[in-house]
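Observations on the model geometry
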Amino acid sequence: MSRKLAVIMDPIQTINPKKDSTLAMLLAAARRGWQLLYMEQGDLALEQGVARGRTRQLQVRDSLDDWFELGAPLWMDLGSIDTILMRKDPPVDTRFLQTTFILDAAASAGALVVNSPAGLRNCNEKVFATEFPQCCPPVLITSRAEQILQFRAEHGDIILKPLDGMGGMSVFRVKSDDPNINVIIETLTDNGGIAIMAQRYIPDIVNGDKRILLINGQAVPFALARVPAVGETRGNLAAGGNGIAQPLTTRDQWICEQVAPTLIANDLLFVGIDVIGDYLTEINVTSPTCIRELDSQCGLDIGGQLMDAIDAQLQANSAK
């Protein structure tokens, strides 16, 4: 069955087509003959309570030089679109939240929004992981310097990071003797005005920060272990990490089983969790990546699996 699928993303001309997971999704939809529509956040509007979008027909190709073509703009009701992929990268700022409000109206009018607007709002990628303390390392979320200093005194070697970052941005490893601890705390918390996350440092990061993708609560059987570059603490590919695919461990599978029911309850169809050693560190719900790397190393079609899950959900919705 032909479907109409729209994507909301950062400017498509700025992506890296070799690594971009959103492009992998769009290519999978195109292989199924689905009609593709393109939007950025500024193309959305709410008119008399009706979600509207300035859409453009989109054609995609698996090419490093010429991966997309856009048609002329056309305003349309978002409720008339089968599926809307919300793939705007963080930060989850005021504009991002405003976009989810418009997408609420689109969902009410019949569109399947992936991931759900409410799920994107409610499930902060750092804080969400703390709902599963049985899976996490020791962790603290606070804006108060004295609590962070006490946490470091207890654990010695810690990681400090903002709650709204991505790609390893502004992530600091702070050892017990680091003389810069106070200025790091002041900078990250904006002098006590913003809460941040502190986690106990996990030495297993040297073996990689594993990205595990889940589709409707089911884990892809391989993780991408993002191994830090020499002299780095962060394994993020954006920070120079090297991605190596590996089968899920028994512990990885157990962590996925712990979080899956909550993902499904929040209508989070496509999620990427981060696991270091035995510990869950983040649950990425906005624009999880690593599809292209896992597909190429393991012979998978993760974008196709996602389109199958979307099609099944659309069929289930139409049967209600």
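We now turn to the structure provided with this report. (Residues numbered from 1 in each chain as written. Predicted model: local features only at pLDDT ≥ 70, side-chain atom pairs only at ≥ 80, totals over all residues. Heavy atoms only, no water.)

Along the backbone of the chain there are 8 helices and 17 strands. Computed over C-alpha atoms, the radius of gyration of the chain comes to 20 Å, within 12% of the 20 Å expected from 2.2 N^0.38 for 320 residues, which places it in the range of a compact globule. Principal axes of the C-alpha set define a box for the chain whose edges measure 60 × 45 × 40 Å. Across the 320 residues that make up the chain, the buried fraction comes to 51%. Taking the contacts inside the chain whose residues are at least 6 apart along the sequence as the reference set, 67% of them involve residues at least 24 apart. With 28 positive and 38 negative side-chain charges, the chain shows a spacing of 2 Å between the two charge centroids. (Helix = DSSP H or I, 4+ residues; strand = E, 2+ residues; numbered from the N terminus. Rg over C-alpha atoms; globule rule 2.2 N^0.38 Å. Buried < 20%, exposed > 50% of the residue type's maximum accessible area, 1.4 Å probe, protein only. Contact = heavy atoms within 4.5 Å. Lys, Arg positive; Asp, Glu negative; His and termini not counted. Charge placed at Lys NZ, Arg CZ, Asp CG, Glu CD.)

Turning next to the nonpolar core. Leu78, Ile84, Ile273, Leu280 and Ile283 are the most contacted members of the largest nonpolar core, which has 40 residues in total. By residue number, the principal contributor to this core is helix 2 (residues 94-108), which donates 5 residues. Leaving out residues up to four positions away in the same chain, Ile84 has contacts with Ala6, Ile8, Leu78, Leu103, Ala106, Ala111, Leu112, Val113 and Val114. In terms of nonpolar packing, the next biggest core, distinct from the first, is built from 37 residues, Leu5, Leu36, Val60 and Leu294 among them. (Core = buried A, V, L, I, M, F, W, Y, C linked by side-chain atoms within 4.5 Å.)

Attention now moves to the sheet that holds strand 11 (residues 196-200). Taken in spatial order, the 4 strands make up an open sheet running 8-11-9-10, and their pairing is antiparallel. This sheet does not close on itself; its edge strands, each paired only once, are strand 8 (139-142) and strand 10 (172-174). Neighbouring strand axes in the sheet, compared pairwise and without regard to direction, differ in orientation by 25 degrees on average. Pairing of strand 9 (residues 158-162) with strand 11 involves 5 bridges; the strand directions are antiparallel. Paired with Lys161 across the strands is Met197, a residue of strand 11. The sheet contacts of helix 4 (residues 145-155) involve strand 8, strand 9, strand 10 and strand 11, and relative to strand 8 the element is tilted by about 170 degrees. Sheet strands touched by helix 5 (residues 181-189): strand 9, strand 10 and strand 11. Its angle to strand 9, the strand with the most contacts, is close to 25 degrees. (Pairing = 2+ DSSP bridges. Axes fitted to C-alpha atoms, helices over the stretch in contact; angles between N-to-C directions.)

For the rest of this paragraph, the subject is the pairing of strand 16 (residues 270-276). Burial analysis of strand 16 places 7 of its 7 residues in the buried class, the great majority of the element. Here strand 16 shows a buried face lined by Phe270, Gly272, Asp274 and Ile276 and a second buried face lined by Val271, Ile273 and Val275. Sheet analysis places strand 12 (residues 209-215) next to strand 16, joined by 7 bridges and oriented antiparallel. When the bridges of strand 16 are listed, Ile212 appears paired with Ile273. For strand 16 and strand 17 (residues 279-284), the ladder comprises 5 bridges, and the chain directions are antiparallel. Opposite Ile276, over in strand 17, you have Tyr279 as the bridge partner.

An ideal rise of 1.5 Å per residue puts 21 Å on 15 residues; helix 2 measures up with 22 Å between its terminal C-alpha atoms. Along helix 2, the residues that are buried comprise Phe96, Thr99, Thr100, Ile102, Leu103, Ala105 and Ala106. The inward-facing, buried residues of helix 2 abut strand 1 (4-8), strand 3 (44-47), strand 4 (50-60), strand 6 (83-86), strand 7 (112-114) and helix 3 (117-122). Looking one or two residues beyond helix 2, the residue adopting positive phi is Gly110, at roughly 120 degrees. (Expected span 1.5 Å × (residues − 1).)

With an omega of 15 degrees, the peptide bond running from Pro90 to Pro91 counts as cis. Structurally, Pro91 is set in the loop between strand 6 and helix 2. A cis amide bond links Val114 to the next residue, Asn115, at an omega of -5 degrees. Position of Asn115 relative to the elements: it lies in the loop between strand 7 and helix 3. A positive phi angle, near 55 degrees, is found at Asp190, a position not held by glycine. In this structure, Asp190 sits in the loop between helix 5 and strand 11. The phi dihedral of Cys290 falls on the positive side, at around 90 degrees, and the residue is not glycine.

These figures capture arrangement, not role.
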